[in-house]
Amino acid sequence: MGPYLIYGAFAAALLSSILYYLTAGGQQNYIKQARFLFHACAILTISSAAFLLYLIITHQFQYTYVWNYSSKDLPANLLISTFYAGQEGSFHLWSFLMAILGVFLLPYLANRDSEKLPGNQPNDKYEPLVMGTFTLLQAFLLFILIVKSPYMFVWESFPGDVQMGFMPEDGRGLNPLLQNFWMTIHPPILFVGFTSLSIPFSFAIAALIKNRYDKWMKLALPWTLFGGMVLGLGIMLGGYWAYGVLGWGGYWAWDPVENSSFVPWLLIVAAIHTMVAEEKVGKYKKTSLVLCVLAYSTVLYSTFLTRSGVLGDASVHSFVDPGQEVYLFLVVFLSLFAGGGLGLIFFRFKSLKTEKTEAQVNLLSRESALFVGAITICAAALVIAVGTSWPIISKGTVEPDFYNRMNLPLAILIAAINGISILLRWKHSDEKSFFKSLYMPLIFTGAITILLVILGVRDLLIALLAAASFFAVFINGEIAYTIFIKNKSKAGAYIAHMGLMLLFLGVIGSARYSVEENVALPLGEPKEALGYILTYKGATEIPNDPEKYHFNVIVQKDDKAFLLQPVMYYSEYSEGIMKNPDIANLVTKDLYLSPMALEEPGQFTPNDIHSFQKGEEKEINGMKVKFIDFDRSKFNREEMESGKLNIMGAELEVTVDGKTEKLVIEQEMSESGSMPIPAQLQSNHNITFYFTKMSVAGESSIDIAIVDSHKMQQEQNAPETLILTASIKPFINLVWAGTIVMVIGFYLSLLVRHRRMKSETRKAEHISTNGNHNNGNDKTQHSKKHKHEEEIG
């Protein structure tokens, strides 16, 4: 059933796209069929997603995808999240979300295309070209699901090794690194962000094909804001997940796959600012179109990087090689839409030229500041894109320090422009008023910067970034408060800017001024680290998960104590030890404990073991020890082969204080392995010899453990020791708080945009109904009513 749902959805999407393009070409009679086919595509795509989810929940392990990523022991939320744990499922999630967003996009376009404009003006219809492009994107995603299907059976995936009809008892399970609460939230939100960027892309393509640029931006801007909000949230949720689970102490590693989601977000944020400037003053048409096209093009490029296998050695997130067919199709997908969009811009370049009256740029204006800010953001995106692509360009990788050094000056510019642009007016600002408005913010910033220097900030660029961030926070906060008490929703842009600056300040504190220390904690023995007393109290099994252990550490400072429980366990899936940190949130900082290893007392240390060739003599701890030959007097090969216990010996010659003594050391041998038998010299009972290993291939050799009996007893009685890394992350809460504030700002801006469009729709209907004889008075009244809102919008 599954493959046929995909085939049907692909055919419906492709036919819908064709009919939409025919409608755009003038054949209006195809519009109903195009809409019907899109709805059919959406229903079939959603049905396929539901069917795959059913297969996962009911443990249908005869399907390779279900077997590969799920298992019976997973809790319900993680079992559902295996839907998108692999390549096939993540592409299906993408196509599913395209269908969902398309269901909302279609009536949005149809309603606005059907609006009656004042004076019986012809309404420029966007549905055919926008939906035509959107459904063509959906068709490509569905074709990938045909080429790399989640509905293959195990006997199809492993021909010759698995019999037809075979049903595995259980699945391989989910990667332990993904077995976390955030697995159920982070990927879907990130993919909603990726999917939503296809909508401004489709609007830009439609505008370029129509060669009409007076309406597309107003229609696309709400979706652009939505995409920026959701994608930004998804990226930072990924950072929070990494910080709390992976144990390396950070939230952003400049990993190529992390970067490939960050670049589209930077570009779409730049596009939002140029689109707002275009709406206000009519400039930057080319820039807005280019950025909307580039933002989605980099989504496709990130898909290629992540899923083609080219970053297999450069990124911990990268999927394995999907096969030549998918690789080539991803190249075609990227080339067609990214190349086609940029090609359309080049083709329309002449008609996109700004009129002379618009070309007169006043540097002391808000639109100029927004444009400079957008260019700076694009410069950061370019730096990150080049570093991310370096494994393809030179077969090497770029160190994280490259991104930090290159982006730090750009971040300072972005923060400074953020503050300055708010103080400027559209089109022209009075110089005296502008410079006067800088006095208080600069005084506030100067005072804070001096305080930071006194507290220990010595790095010039870090101090400048902190100063620029505080400058922007002060200006945005002051204006946001003024607007908020009058109309909460209209403060969205300023709140979003404040959130970004708070995030900058959090990054400065948590990344630049983080301190860490490796510490060994013997069981029950207090140790000091970073101003805290840490005491390891032993390990306890995690309830309902006996394979995992809490390593309990009591943390004390100033007569206050609390328990931290980092986790370590052996994973059969990854065939290694998995480690999860534990974090104490202390308001102004985090105390972060990341487990490294557990050292348990062993029988021998590496210094106790000595290797000998036959006939070789060595001086060890003041003794001369010589390996003479093997002693086979107690060894019987036939009994050994029958499973009976045997003893193999080695004859040694030991000289102590000029006296030579022969010593035979032995080990018990059986099918389960060997066990050394302790042996001591007659003249010195403090030294014990153990025959630990032998080799008869080539030159005969043995390994002997020679230990001081008293020292060995002490070492065996020593407690287990927990090795961990303790670190302090100052002001890291500003990173998470800044993200939340920024998302709230995006949401309020989106809400204002939605209300404004509804208001304009009602006004158009009113004018259409009552005629336009009072149109001039209405315009005058509307202008007076919204004059202040236009100044601050």
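Anything mentioned here points back to the structure above.
Only a predicted model underlies this, so the values are computations on that prediction, with no experimental measurement involved.

Peer 1: Before we move on, could you go through the side chain of E367 and cite the residues and values that matter?
Peer 2: Among the structural elements, E367 can be located in helix 15 (residues 366–394). Relative accessible area serves as the criterion here: at 1%, E367 is assigned to the buried category. The contact partners of E367, leaving out residues within four places of it in the chain, are A277, V281, K283, Y284, R425, W426 and K427.

Peer 1: Give me the sheet that holds strand 18 (residues 701–708): which residues, what numbers.
Peer 2: The strand order across the open sheet formed by four strands is 10-18-17-16, and the pairing between neighbours is antiparallel. Sheet topology places strand 10 (609–613) and strand 16 (679–680) at the edges, where each strand pairs with a single neighbour. Pairing analysis gives two bridges linking strand 16 to strand 17 (residues 687–695), with the strands arranged antiparallel. Following the sheet pairing, Q680 is matched in strand 17 by T688.

Peer 1: So what about the sheet that holds strand 1 (residues 515–522)? Which residues, and what values?
Peer 2: Taken together, the four strands give an open sheet; going across it, the order is 1-19-9-8, and neighbouring strands pair in antiparallel fashion. The sheet is open, and its two borders are formed by strand 1 and strand 8 (582–585), each paired with just one other strand. Within the sheet, the average angular offset between the axes of one strand and its neighbour, ignoring direction, is 20°. As paired strands, strand 1 and strand 19 (residues 721–730) are joined by eight bridges and run antiparallel to one another. Following the sheet pairing, V515 is matched in strand 19 by I728.

Peer 1: So what about the nonpolar core? Which residues, and what values?
Peer 2: The nonpolar side chains of soluble globular proteins are, as a tendency, buried together. Of all hydrophobic cores here, the largest spans 156 residues; its most connected members are W94, L105, Y126, F203 and W216. In terms of residue count, the dominant contributor to this core is helix 10 (residues 216–245) (15 residues). The contacts of Y126, once residues within four sequence positions are left out, are L109, D113, F203, A206, A207, K210, R212, K215, W216 and L219.

Definitions and limits used
- Residues numbered from 1 in each chain as written.
- Predicted model: local features only at pLDDT ≥ 70, side-chain atom pairs only at ≥ 80, totals over all residues.
- Heavy atoms only, no water.
- Helix = DSSP H or I, 4+ residues; strand = E, 2+ residues; numbered from the N terminus.
- Buried < 20%, exposed > 50% of the residue type's maximum accessible area, 1.4 Å probe, protein only.
- Contact = heavy atoms within 4.5 Å.
- Pairing = 2+ DSSP bridges.
- Axes fitted to C-alpha atoms, helices over the stretch in contact; angles between N-to-C directions.
- Core = buried A, V, L, I, M, F, W, Y, C linked by side-chain atoms within 4.5 Å.

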